[in-house]
Amino acid sequence: MTSVLPKGFTMMPVTRYLTGFVICAPLLVSLLGIKHLLVLSYDPFISSWHQYWRFAVFQTAFQNESEVVVAITLLHFALKHLERLYGSFRLASLLIWSSLYNVVLVSILSFLVYRVLGVNLFVSAGPYGIFFTLLYLYWQSTPSIYRFELVFSGVPGSPNPAKLVITDGIFVKILMVQLFVSDGVLNSGIPSAIGVAVGALIHSHILPGKSVDFPLVIPFLRRYAARKPQPTRPTVSDVQDESDDERDATAFRDDEQDTPIRPLGTQLLDTFRT
Amino acid sequence: MVEINKTRLLFFIIFMTLMIPGPAPPDGLSGNGAKVQALQQLKDDISTSRGVLFNSTYEQPTGNLTGLKLSYQDALEHRNISLYPFEDRQGPYEENQRYSILPNYVRKLAIDSLNSEEETIQALEFEDEILEHPKWNAISEVFGSDVNIRAESHGAFWKNITGSLIGDFQRVNHTFEHIPMPLPPYMKALLRSYNTNRTEGDDNWREPNDASSFERDVPNFHVDELKTGNVTELSGNLKVNIQNTGDSSVEGSNGSVRVRLQIKMTDIDEVNIHSLALSGVYHPDSGNLIATTRSAKYAGSYGIPHLNFDETHYNRSKAAMSDWINQTSVDEVDVTMIDTLLDASLGCEMIAFLHFNSTNLSADEMRMIDDELWNPLGRPHKSIPPIAISSGVLYSPDCGLLIKATGLVGEREEVQNKRIQRVVLLGIILLFAQIIFSIKQMSATNTPSTLSRISFWTIAMMNLIDGSLSMLYLLSSIVFQKLYLQLAVSSFLGFTLASVFEMRYMILIYTSQMNERDISWGVALRGTAIDDRNNERIDERENPNNNVGTEEPLLPLNQARPQAVQQTQQQPRIIQDEQTVSGQIYLRLFFFLIVFSFLVLNASLWPRKDRMVFEYVVLLVLNSFWVPQIYRNTLRGSRRSFGWDFVIGTSVLRVIPIAYLCLVKNNPFSHHQDQLLISLIVIWLGIQIFVLVLQELFGARFFLPDRLLPKSYDYHPVLTAGDLEHGFGVEHDDEGVHHEDGKCKVDCAICMNEVEIPIAKSSEHLTNIMNRRGYMVTPCRHIFHTNCLESWMKYKLQCPVCRNSLPPI
C-alpha cells in the first residue's frame, strides 16, 4: 500500500465517518437483536411477505466481525486514497449514488433470477456493493508503484526457473478476494460483483455519480465545511518544553470564554492526563 | 507495600471464592457399600418402571410402580401394601378411585377443568355419588359447584408453552385421606446406614411417612407443616415455569410433548415457599397438561399415561413419555440421582391438571408465531397472545391436599426476554448518559481549588451504586445466556463508569483534600473568621485549656495562629502519595462493592415484608447522595460545588430506573407497583437539590442561626463609609475613587475595569445580599469583581495583588 497518504484520517472526514459507521452499525444491530431483519432473499421475504424495506436496509451492516475487519483494512489502506483524489463532497455523493445503484441492481437481479430461472438468490447483508464500487474506482485511479518477482527454481524438466511477477497491489487484491468470498462465493459474491459492475458503469460515465453531486448531501456538507476550524490544543510535547511560569501563564489565559471546544473523545482522554 | 499485599490478598480471596466450586460431590462409590448397592437397585427399579411404561396398555391396571401400588380406595380401606398385587384388581382398568390414586371427586374436578373450553374428555358417569361426598361443600366453596363449558368456537392452542406464568392459588380447607407411600426397601436401608454414620445433630434424613422415626423428636403434625409442598395457607401466589423439553414429532404422540414444570407456591408475605419440580405431557390439540412429581417414594412420571382419563390421550402420553425416557440410558443413572430422589421424597407429591386457554388466532397464525419465536426472521405475524391458564387442579395424594390454580397469565419465554432486553437497552442509554455527565463534570473541575469543594462521599455513593449495578449485570449475564450481549455491555459500561471515571475522580478529590485537617461541625462553625480577631478571644474564653489541635480552622487561612501550626506539625503525619491512596480507595471500594452486591442478591430472596423494608431503607439511603455535599458546603462555607447540569442530570438518570420499577405494571422483574416509594425518593432528592440551590443563592450556611454564622470568611462584607476611610483596599487618591450616592467605584486589579460598590451609611444599615454579590473583598482588603476573583481562585488561593493566601470559597 502507499506511504504517501497522511497518517490517520487527517482531513478525511468522509472516510472517518464511513469507518465509524462500518464498525458501529454491526455492534448496534447485534445489541438491538435485529440481525435477522437485514437478511435478504427473494423468497419468502419479497415474494410472499412483501417486505420491500429489506432492500433499503440490507446494506447497512455486516453480519460477521471478520468482514468488518477486512472492510476496515481496505478502507484504511486503499479507499482512503479516493477521498484525496475526489474530495470529500464528491466521495460522499459517490457513496450515496453507488448505494442506490446497488439496491436497484440487486433487486432487479434477484427478481429476474427468481422469475426466469426459478433460483432464489440469497444476498449477504452488508455494504459489499458499495465497497466493491469504491474498490473498482480505486483500481482505475491507482498505478502500481513497484513490482517484484518470485523466482521458483528447480521445476524438474524445464531449463528456466519459474517466475511470478507481482505488483504492490497484491495485498489489496488478497483482501478483496477475502471480502468477496467472506460469506460464500454466491452469497457475498453476487452483491460484490454487482458493486464492481456499478463501479465500471460509474467510471465510464454511463451512470451519473463520479462528476454529479448528489442533490441532498451538498447543503449538509457545505454546512459542515463552513464550521470554524477547531483551534488546536498544545500537545504534550509542547507543554513539556514550557517552564513553570509559562505554564501558569497558559493556565491563566485559559479562561472560561477562551477554552477551546473540546470534543467528547478529547475530554475522555483528558480525564487521564494530570 | 503493606497495602499492595492486602490488595493482593483480597483479590486472591475473591478469585478463590469465584473459581473453586463448592465441596466436591460426595464420592459415594468409594468405601460406601450401601450406596453402591442402592445405586444398583435403583437402576433395576428404573428399568422395571420403564418396562411397565413401555409394555402397559390402557386396559391393564396401573402396574408395579413405586408409590402407585395402592389406589385411593385401598387407602380408604387401609390395605396393607405388602399384600400387593391385590387379587380383586386384575380386571380391565376402570376410570375410578378403585384403580387409580385419584379420588373420584378429584377426577371430576380435573375433568371439569380440562373440559372448560370444549369437551375433550368424556365426563364421569357417577357424578351423583360424588356430590354426596361429606366434604363436597368445602370443595365447591373453592372450586365452584356449577360447571360451564364454553362451547363457542375458539382458535388454536399454543404448540410450545415455554414460559413463566404468575397467578393465585386457593386450597380446600380440608385434609383428605393420605395414600401411604413408603420408600422402597433399598432406600430405607440406605437411609438407615446414613443415620448410623451421622452424629445425632445433623440427622436430617428422616424416613417420610414412617411413624417410628417421628416418635423420637418432633410430633407428627409439626414435621408435616415443614414439608415442601405441604401448603398450609388457604390462598397465596402461584408461579409456574414451563419448559417444553420433548420432541413434538414423535410417532403416535399426535403432537403431545413432554414438558417440565417448576411450581412455586408462596403465601402473600412470602414467608413459606414451596417449590416443586414436575414433569408431564402437554396436549396441544386440547390445551391440556398433566404432570406429576417424581421422588424415591413415588415413580409418578412412569404413571402419567393413566392420569389422562381416556384411551386416546393415554396412548399419546405414552408415546411422548417413552420417547423422552428412551433418550437416556439406565446406565447413565449415577449416585447424585439417589440424593436428588431422596431429597424430593421428603416433600409432598403433587399431580397437576392444567388447561391452557385457546388463543383467538387460527392454527396457521399460531404456527407463524411459533416459528418466528423459535427462529426469528422477521415474519409478518399477528400480535403475540399471552399464555393463560383459566383453571387448574393440583392434588397431593400423600398429603391429601387439593388446590385450585386461578388466573395464571404469562408470556412466552422469548417475548419475556425481548421485554427484558428492551429494558436493559434503556439502561445502557442511561449509563452512557451518566458517563457523559461525569466526564463533563470532571473536566469542569480539574483544579485543586474546584476539586476541594466537592464531597468525596457524594461520588463514593454514586460509585457504590454504579459498581454494584455493574456486578449484578455481570452476574446476570452469566445466568441469562440469551441476553448475554446486552448485559455484558451494560456491565462493561457500569464498570467503566464506576471504576474508571468515578474512581479516578475520587482519587483526585481525595488527594486534593488529603491535607485538610480533621474538623467537626462544632469546630468548623466556631472556626476563626479571617478578619475577626474577637473570635479568637472568644475561643480562648470558652476553652481555657486551648485545645488547639481540634480547633483548627478548615483550610489554610491566612492568619494561622503560630502555636496551632506548631502543634499540628508535631503530630506524626503519614505522607501518602497518590498510588498508595488509589490502592487504598480501590481496595475499600471493591470490598464494599462485593459485600453490597451479595447483600442485594440475598435480599431479593427474603420474605416480602423484610424485602420491602430493605428496599425502602437502601433506596432512600443511596438516593441521599447530595447530603454529603450539602454537609461539605456548610462546613467549608462554599456556595458552589457540582455543575447544575451534573446535579440535575445525575438525579434524573438515577430516578428513572426506580420510577420504572415502581410505576410500570407488569414490569419484567415482577416488582410490585409502589407509588409511595417513588414519591418519597423524588421528594427526598428534590429537597436535597433545593437545599443546594438555596446554598448557592444565599450562601452555604443560610439555614444556620445568625449567632453561628460569622465564622467563615465573608467575601461579600457590607462596606461602610468608615471602612473606606480606614483604607479598605482603596488607594486614597481622589482620581481612582469616586463617591456617588452611596456608591463607590474602584478598579478591579484583574480585569482593570471598574467595580461598583454599594456603600452603607452605617454598619446597622445592611445592603441587600444580592447587591453585594457583585464584588469580593479579600482578607488583605483588596477589592475585585466576583467573577474575576472566582476564576482566579480556580487556579490559586493567593491574592493577585499582595500574594497573601486566600480562604477558599
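Residues numbered from 1 in each chain as written. Chains lettered and ligands numbered in written order. Predicted model: local features only at pLDDT ≥ 70, side-chain atom pairs only at ≥ 80, totals over all residues. Heavy atoms only, no water.

By the naming in an unreviewed UniProt entry, chain B is RING-type E3 ubiquitin transferase, taken from Kuraishia capsulata CBS 1993. The record held by UniProt for chain B lists under Pathway (unreviewed entry) the comment "Protein modification; protein ubiquitination." The UniProt entry for chain B carries the following comment under Catalytic activity (unreviewed entry): "S-ubiquitinyl-[E2 ubiquitin-conjugating enzyme]-L-cysteine + [acceptor protein]-L-lysine = [E2 ubiquitin-conjugating enzyme]-L-cysteine + N(6)-ubiquitinyl-[acceptor protein]-L-lysine." (UniProt positions renumbered as here; feature names shortened; annotations may be inferred.)

Chain A is annotated in an unreviewed UniProt entry as Peptidase S54 rhomboid domain-containing protein of Kuraishia capsulata CBS 1993. Regarding chain A, the UniProt comment filed under Subcellular location (unreviewed entry) reads as follows: "Membrane".

Asker: Requested: an account of the overall build of chain A, with residues and values cited.
Answerer: The number of helices and strands found in chain A is 12 helices and 4 strands. For chain A, with 274 residues in total, the buried portion stands at 38%. In chain A, of all internal contacts separated by at least 6 residues, the share reaching a separation of at least 24 is 74%. Carbon and sulfur atoms make up 65% of the accessible area of chain A, which amounts to about 15,800 Å² in all. (Helix = DSSP H or I, 4+ residues; strand = E, 2+ residues; numbered from the N terminus. Buried < 20%, exposed > 50% of the residue type's maximum accessible area, 1.4 Å probe, protein only. Contact = heavy atoms within 4.5 Å. Areas by Shrake-Rupley, 256 points an atom, 1.4 Å probe, with all protein chains shown as cover.)

Asker: Just give me the short version of the overall build of chain B, but keep the residues and values in it.
Answerer: Within chain B, the regular secondary structure consists of 27 helices and 14 strands. In chain B, which comprises 809 residues, the share counted as buried stands at 50%. Across chain B, the fraction of contacts at a sequence separation of at least 24, relative to all contacts at a separation of at least 6, is 72%. In the structure as shown, chain B presents an accessible area of about 39,800 Å², 56% of it carried by carbon and sulfur atoms.

Asker: Report on the interface of chain B and chain A, specifying residues and quantitative values.
Answerer: Note on interface size: it is often stated as the accessible area lost on association of the parts. Chain B puts 27 residues into the contact, and the matching count from chain A is 23 residues. Here chain B is connected to chain A by 4 residue pairs in polar contact (both at pLDDT 80 or more). Broken down by secondary-structure element, the contributors of at least two residues to the side of chain B that touches chain A are α12 (363-374), α13 (413-444), α16 (484-513) and α27 (786-793) of chain B. If one sorts the elements of the side of chain B that touches chain A by residue count, α13 of chain B sits on top with 9 residues. By residue class, the composition of the side of chain B that touches chain A is 15 nonpolar, 5 polar and 7 charged. (Polar contact = N/O pair within 3.5 Å; in protein donor to acceptor, adjacent residues only side chain to side chain. Nonpolar A, V, L, I, M, F, W, Y, C, P; charged D, E, K, R; others polar.)

Asker: So what's going on with the pattern of salt bridges? Residues and values would help.
Answerer: In a structure, side chains of opposite charge can pair up when their charged atoms sit close to one another. All names here are of chain B. Enumeration over the complete set of coordinates arrives at 17 salt bridges over all chains. Put simply, Lys-35 and Asp-339 hold a salt bridge, and the shortest N to O gap is 3.4 Å. In this pair, Lys-35 sits in helix α2 (residues 33-55) while Asp-339 sits in helix α11 (residues 335-345), placing the two residues 304 residues apart along the sequence. Among the residues examined, Lys-35 registers a relative accessible area of 5% and is labelled buried. A residue is classified by how much of its surface remains accessible, and Asp-339, at 17% relative accessible area, is buried. Glu-502 is the partner of Arg-654 in a salt bridge, and the nearest nitrogen-oxygen pair spans 3.6 Å. Here the residue Arg-654 occupies a position in helix α23 (residues 644-663), and Glu-502 occupies one in helix α16, the gap between them amounting to 152 residues. (Salt bridge = Lys/Arg side-chain N within 4 Å of Asp/Glu carboxyl O.)

Asker: Provide a residue-level description of the UniProt feature "transmembrane region" (unreviewed entry) in chain A, including the pertinent values.
Answerer: As recorded in UniProt, the sites labelled "transmembrane region" (unreviewed entry) are residues 21-42, 62-79, 91-113 and 119-139 of chain A. When the span residues 21-42 of chain A is considered, its composition is 59% helix and 9% strand, and the gap between its end C-alpha atoms is 27 Å.

Asker: Got a sec to walk through the packing of helix α15 (residues 456-479) of chain B against α23 of chain B? Specific residues and values, please.
Answerer: All names here are of chain B. Where α15 contacts α23, the axes come no closer than 13 Å and their chain directions differ by 35 degrees. Seen along the crossing, α15 lies across α23 with a hand that is left-handed. Listed contacts from α23 to Met-462, Ile-465 and Asp-466 of α15 are Phe-646, Thr-650 and Arg-654. By residue class, the composition of the contact of α15 with α23 is 3 nonpolar, 1 polar and 2 charged. (Axes fitted to C-alpha atoms, helices over the stretch in contact; angles between N-to-C directions. Left-handed = near helix turned anticlockwise from the far one by under 90°.)

Asker: Could you give an account of the UniProt feature "transmembrane region" (unreviewed entry) in chain B, with specific residues and numbers?
Answerer: All names here are of chain B. In the UniProt entry, the feature "transmembrane region" (unreviewed entry) is given for residues 423-442, 454-475, 487-507, 585-606, 612-631, 643-663 and 675-694. When the span residues 585-606 is considered, its composition is 86% helix and 0% strand, and the gap between its end C-alpha atoms is 31 Å. Annotation note: span residues 675-694, helix share 100%, strand share 0%, distance between end C-alpha atoms 28 Å.

Asker: Account for the domain arrangement of chain B, naming residues and giving values.
Answerer: Residue and element names in this part refer to chain B. What the domain assignment reports for chain B is domain 1 (32-196 + 227-411), domain 2 (417-528 + 577-698) and domain 3 (721-795). Computed from C-alpha atoms alone, the centre-to-centre distance between domain 1 and domain 2 is 48 Å. Interface of domain 1 and domain 2: buried area, both sides summed, is about 500 Å²; carbon and sulfur atoms make up 43% of it. A per-residue breakdown of the area domain 1 buries against domain 2 is headed by Asp-269, Glu-270 and Glu-411, which together make up 73% of the total. (Domains from an automatic or database assignment. Buried area = accessible area lost by both parts, 1.4 Å probe.)

Asker: Can you lay out the nonpolar core for me, pointing to particular residues and giving the numbers?
Answerer: Looking at soluble globular proteins, one finds that nonpolar side chains tend to be buried together. Residue and element names in this part refer to chain B. Counting residues in hydrophobic clusters, the biggest one holds 59 residues, and the most contacted among them are Tyr-505, Met-506, Trp-626 and Phe-642. Put simply, the parts of the chain that give this core at least two residues each are α13, α15, α16, α20 (578-603), α21 (608-622), α23 and α24 (675-698). Considering every element that reaches this core, the biggest residue donor is α16, with 10 residues. Apart from the residues lying within four places of it in its own chain, the contact partners of Trp-626 are Thr-458, Met-462, Phe-642, Phe-646, Val-647, Thr-650, Ser-651, Leu-685, Gln-688, Ile-689 and Leu-692. Membership of the second largest hydrophobic core comes to 58 residues, among which are Ala-38, Leu-114, Val-333 and Phe-353. (Core = buried A, V, L, I, M, F, W, Y, C linked by side-chain atoms within 4.5 Å.)

Asker: I'd love a proper account of the state of the cysteines, names of residues and values included.
Answerer: All names here are of chain B. Under the counting rule described, the total for this entry stands at 1 disulfide over all chains. Paired through a disulfide, Cys-348 and Cys-399 show a sulfur-sulfur distance of 1.9 Å. On the sign convention where negative is left-handed, the bridge of Cys-348 and Cys-399, at about -95 degrees about the S-S bond, is left-handed. Of this pair, Cys-348 sits in the loop between α11 and β6 (351-356) while Cys-399 sits in the loop between β7 (387-396) and β8 (401-412), and the two are 51 residues apart along the sequence. Look at Cys-348 and you get buried, because its relative accessible area is 1%. Relative accessible area serves as the criterion here: at 5%, Cys-399 is assigned to the buried category. (Disulfide = S-S within 2.5 Å.)

Asker: Give a detailed account of a nonpolar patch on the surface, specifying residues and quantitative values.
Answerer: On the surface, Val-104, Ile-108, Phe-111, Leu-112, Val-116, Leu-117 and Val-119 of chain A cluster together into a nonpolar patch covering about 640 Å² of accessible area. Looking at the secondary structure, you find Leu-112 of chain A in helix α5 (residues 88-117). (Patch = residues over 30% accessible without salt bridge, like charges linked within 9 Å, V, L, I, M, F, W, Y side chains within 5 Å.)

Asker: Which residues make up the pairing of β8 of chain B, and what values do they have?
Answerer: All names here are of chain B. Burial of β8 is extensive: 9 of the 12 residues sit out of reach of the surface. Two strands pair when backbone bridges link them, and strand β1 (residues 163-171) and β8 are joined in this way by 8 bridges, in the antiparallel orientation. Bridge assignment links Ile-166 to a residue of β8, and that residue is Val-409. Following β7, the chain reverses through 4 residues before pairing antiparallel with β8; Gly-400 in that reversal takes a positive phi of roughly 65 degrees. (Pairing = 2+ DSSP bridges.)

Asker: Could you give an account of the packing of aromatic side chains, naming the residues involved and the relevant values?
Answerer: To describe a pair of aromatic rings, one takes the distance between the centres and the angle between the planes. Tallied over the full model, the rule gives 25 aromatic pairs over all chains. Relative to Tyr-101 of chain A, the ring of Trp-97 of chain A has its centre 5.8 Å away and its plane inclined at 20 degrees; by these criteria the two rings are stacked. Pair noted here: Trp-97 of chain A and Tyr-101 of chain A are both in helix α5, with a separation of 4 residues, about one helical turn. Looking at Trp-97 of chain A, the relative accessible area reads 16%, which means it is buried. A relative accessible area of 12% places Tyr-101 of chain A in the buried class. Plain terms: the ring middles of Trp-626 of chain B and Phe-646 of chain B are 6.3 Å apart, the flat faces sit at 85 degrees to each other, and that makes the pair edge-to-face. With a gap of 20 residues between them, Trp-626 of chain B in the loop between α21 and α22 (627-636) and Phe-646 of chain B in helix α23 connect regions that are remote in the sequence. (Phe/Tyr/Trp six-rings, centres within 6.5 Å; stacked < 30°, edge-to-face > 60°.)

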